[in-house]
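Report on the structure
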Amino acid sequence: MIAILPIRKNSKRLINKNIKKINNKPLYQYILDTLIKSRKIKKIIISTDYNLKIKKNKKINILSRPKNLRGNCNMNLVIKHVLDNVEGDHFLQTHATSPLLKYVTLDSAIKYYFSQKIFDSVFSVTNTKKRLWSFKNKPLNHNINHSPTTQNLKPIYEENSGFYIFSRESFFKKKNRIGNRPKLFEINKIEAIDIDDVHDFEIVNKILKK
């Protein structure tokens, strides 16, 4: 399994979030350490427009992004650039903004992916049992006149951007990291935290400092 780790400049909601430091360590280093520890991941491709100073490791390869893929862009185009430049059949893509993911969780998901032939891709989700509303002020998953307790609601799964596992074949069939027959792989809410803004960063900062 080959891991793809995008690390880009010019984040908008939290400036330079991928390299912001927690415990004197840049944010991206947490997930990078996790990928290094993984027993199922043999190679790590860092797709970046930064000039990163990363400690040498036999697993790690740096792939500089072309100008059209710098800054905010379609992640599937970033993945395509990696696949066009790296040999291999099976890939896992994750984010620097998922620092609480554990290597055992990744290894478990990879093991599942290879253990079956039904699903062509696997991606991480969070089970959510909350009363949800649309932007038109309409209930999405409940009836306000007969509203069940939240524990009895049917679960809705949030795509949490923790990881995506796919084959070269499935990616190029759909031009997407999520294939035609995806498996939703549930992970716990702590590991699923994805840093989008300053509030997420403060929460993760407190967790990691403990």
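What counts, and where the lines are drawn
- Residues numbered from 1 in each chain as written.
- Predicted model: local features only at pLDDT ≥ 70, side-chain atom pairs only at ≥ 80, totals over all residues.
- Heavy atoms only, no water.
- Phe/Tyr/Trp six-rings, centres within 6.5 Å; stacked < 30°, edge-to-face > 60°.
- Helix = DSSP H or I, 4+ residues; strand = E, 2+ residues; numbered from the N terminus.
- Buried < 20%, exposed > 50% of the residue type's maximum accessible area, 1.4 Å probe, protein only.
- Lys NZ or Arg CZ within 6 Å of the ring centre and 35° of its normal.
- Pairing = 2+ DSSP bridges.
- Salt bridge = Lys/Arg side-chain N within 4 Å of Asp/Glu carboxyl O.
- Contact = heavy atoms within 4.5 Å.
- Polar contact = N/O pair within 3.5 Å; in protein donor to acceptor, adjacent residues only side chain to side chain.
- Core = buried A, V, L, I, M, F, W, Y, C linked by side-chain atoms within 4.5 Å.
- Patch = residues over 30% accessible without salt bridge, like charges linked within 9 Å, V, L, I, M, F, W, Y side chains within 5 Å.
- Areas by Shrake-Rupley, 256 points an atom, 1.4 Å probe, with all protein chains shown as cover.
- Expected span 1.5 Å × (residues − 1).

Here we come to the packing of aromatic side chains. Tallied over the entire structure, the rule returns 7 aromatic pairs. Residues Phe123 and Tyr164 carry aromatic rings whose centres are separated by 6.1 Å and whose planes lie at 20° to one another, so their mutual orientation is stacked. Here Phe123 is found in strand β7 (residues 121–128), whereas its partner Tyr164 is found in strand β8 (residues 156–167), with 41 residues between them in sequence. For the pair Phe123 and Tyr164, a shared accessibility class is recorded, and that class is buried. Through successive ring pairs, a cluster of aromatic residues spans Phe91, Phe166, Phe171 and Phe172. Stacked on the ring of Tyr30, the Lys or Arg Lys25 has its end atom at 4.2 Å from the ring centre.

Turning our eyes to something else, we now look at the pairing of strand β6 (residues 90–94). Burial analysis of β6 places 4 of its 5 residues in the buried class, which makes it a mostly covered element. Summarising the sheet, β6 and β8 pair through 5 bridges and their orientation is antiparallel. The residue bridging Gln93 from the neighbouring strand is Tyr164, located in β8.

Let's shift gears to the pattern of salt bridges. Applying the stated criterion to the full structure yields 3 salt bridges. Close ionic contact of Asp84 with Lys80 constitutes a salt bridge, the shortest N to O distance being 2.8 Å. Of this pair, Asp84 and Lys80 both sit in helix α2 (residues 75–85), 4 residues apart, which is roughly one turn of the helix. Given a relative accessible area of 31%, Lys80 falls into the partly exposed group. The salt bridge partner of Glu169 is Lys173, with a shortest N-O separation of 3.4 Å. Here Glu169 pairs with Lys173, and both are found in helix α4 (residues 168–174), just 4 residues apart, close to one helical turn.

All right, on to α2 then. Looking only at α2, the buried set comprises Met75, Asn76, Val78, Ile79, His81, Val82 and Leu83. Residues of α2 that are buried in the fold lie against β1 (2–7), β4 (43–48), β5 (60–64), β6, β8 and α4.

Along the chain, Gln29 turns up in helix α1 (residues 27–37). Of the polar contacts made by the side chain of Gln29, one reaches the side chain of Asp33; its length is 2.8 Å.

Of all hydrophobic cores here, the largest spans 28 residues; its most connected members are Leu35, Ile46, Phe163 and Ile165. Where this core is concerned, the elements lending two or more residues are β1, α1, β4, α3 (103–115) and β8. Contact partners of Phe163, with chain neighbours within four places excluded, come to Leu92, Gln93, Thr94, Leu101, Thr105, Leu106, Ala109, Val122, Phe123, Ser124, Phe185 and Ile187.

What follows deals with unusual backbone geometry. One non-glycine residue, Asn23, lies in positive phi territory at about 55°. If you trace the backbone, Asn23 turns up in the loop between β2 (21–22) and β3 (25–26). Within the chain, Asn137 stands out as a residue other than glycine whose phi angle is a positive 65°. Topologically, Asn137 is positioned in the loop between β7 and β8. Note on Asn137: relative accessible area 61%, which makes it exposed.

For Asn68, the location among the structural elements is in the loop between β5 and α2. Considered as a pair, Asn68 and Val78 are 10 residues apart in the sequence and their alpha carbons are 9.8 Å apart.

Attention now moves to a nonpolar patch on the surface. A contiguous nonpolar patch, built from Ile190, Ile203 and Ile207 and spanning about 240 Å² of accessible area, is present on the exposed surface. Positionally, Ile190 belongs in the loop between β9 (182–186) and α5 (198–209).

Looking now at α3. If you check α3, its first and last C-alpha atoms are 18 Å apart, about what 13 residues at 1.5 Å a residue would give, namely 18 Å. For α3, every residue scored as buried is listed here: Thr105, Leu106, Asp107, Ala109, Ile110 and Tyr113. Looking at the packing, one finds that the buried side of α3 touches α1, β6, β7, β8 and β9.

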